[in-house]
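Chains, contacts and geometry: an overview
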Amino acid sequence: MVKNIGIVCGSFHRGEVERMLAWASEEAAKNDMNITQVVWVPGSMEVPLALDRMLESCDAAACLGIIEKGETQHGLAMGQAVIKTILELQLKHNKPIGLGIIGPGAEQHHIEPRLEPHARAAVLALL
């Protein structure tokens, strides 16, 4: 049973991710989960290390962030690497990780309508 969870937040889009964290916190409370750790990292690339450390003491974890579409393929390549590593961390720790990262390749008009659904889904995935 998942009881104590952690959340890793990318701070590159801090205003949007703070809103996501509020929705994720609400969803956790509705489902009798306690958020015992919230860690802010500079961006999505730093999420896997924070999750790896967090899962040593939490039952599960979620990550929240945004990877926008850029002028080059950097965001796509980075996003694929981050998501692949998150999947590997689930297997390493045998604990669920909720993916609440919008993108890679998100354009500005994609972001707002996805904030709340991605945040809530990331927490619900832990169940």
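Structure shown above.
Sequence order as written defines the numbering, with residues in each chain counted from 1. In view of the model being predicted, local features appear only for residues whose pLDDT reaches at least 70, and side-chain atom pairs are presented and counted only at 80 or more, with totals across whole chains, interfaces and linings using the full set of residues. The side-chain quantities take in all heavy atoms of the structure and omit both hydrogens and water.

1. Describing the sheet that holds strand β2 (residues 34-41)
- Only strands joined by at least two bridges in the DSSP assignment are considered to pair. Think of it this way: any DSSP run of H or I at least four residues long counts as a helix, any run of E at least two long counts as a strand, and we number them from the N terminus. Strand order in this open sheet of 4 strands is β2-β1-β3-β4, and the pairing throughout is parallel. The open sheet has two edge strands with one neighbour each: β2 and β4 (97-106). In this sheet, adjacent strand axes meet at a mean angle of 15° when their direction is disregarded.
- The contact definition used throughout considers only heavy atoms, calling two residues in contact when any of these lie within 4.5 Å. Axis angles are defined between N-to-C directions and span 0 to 180 degrees, where every axis is a line fitted to C-alpha atoms and, for a helix, only to the segment in contact. Lying on the sheet, helix α3 (residues 74-93) is in contact with β3 (60-68) and β4; it crosses β4 at an angle near 170°.
- Relative to the sheet, helix α4 (residues 108-124) contacts β3 and β4, its axis offset from that of β4 by approximately 170°.

2. What to know about helix α1 (residues 14-30)
- If you check α1, its first and last C-alpha atoms are 24 Å apart, about what 17 residues at 1.5 Å a residue would give, namely 24 Å.
- Think of it in three bands: residues with accessible area under 20% of the maximum for their type are buried, residues over 50% are exposed, and the middle band is partly exposed, with areas taken using a 1.4 Å probe on protein chains only. Looking only at α1, the buried set comprises V17, M20, L21, A24, E27 and A28. For α1, the angular spread of buried residues about the axis comes to 125°, placing them on one side. For α1, the exposed residues lying more than 90 degrees away from the buried face are A29 and K30.
- At its buried positions, α1 is contacted by β1 (4-10), β2, β3, β4 and α4. What a helix should span is 1.5 Å times the count of its residues minus one. Throughout, the arc means the angular range of directions from the helix axis out to the C-beta atoms.

3. What to know about the packing of aromatic side chains
- Aromatic pairing here means that ring centres of Phe, Tyr or Trp (its six-membered ring) are within 6.5 Å. Orientation follows from the plane angle: under 30 degrees is stacked, over 60 is edge-to-face, and everything else is tilted. Applying the stated rule across the entire model yields 0 aromatic pairs.
- Lying over the aromatic face of W40, R14 brings its terminal NZ or CZ to 3.9 Å of the ring centre. We call a charge positioned over a ring when the NZ of a Lys or the CZ of an Arg lies within 6 Å of the ring centre and within 35 degrees of the ring normal.

4. Thoughts on the pattern of salt bridges
- Here, a salt bridge means any side-chain nitrogen of Lys or Arg that lies within 4 Å of a carboxyl oxygen of Asp or Glu. A full pass over the atoms with the stated rule returns 9 salt bridges.
- Residue E18 pairs with R14 through a salt bridge whose shortest N-O separation is 3.0 Å. Here E18 pairs with R14, and both are found in helix α1, just 4 residues apart, close to one helical turn.
- The exposure class of E18 is partly exposed, given its relative accessible area of 41%.
- Note on R14: relative accessible area 37%, which makes it partly exposed.
- Of the charged contacts, one joins K30 and E27 as a salt bridge, the two residues approaching to 3.6 Å between their closest N and O atoms. Residue K30 and its partner E27 are both found in helix α1; the two are separated by 3 residues, about one turn of the helix.
- Residue classification places K30 among the exposed residues on the basis of a relative accessible area of 55%.
- Owing to a relative accessible area of 6%, E27 belongs among the buried residues under this scheme.
- Among the charged side chains, a network of salt bridges with common partners joins E26, E27, K30, E116 and R120.

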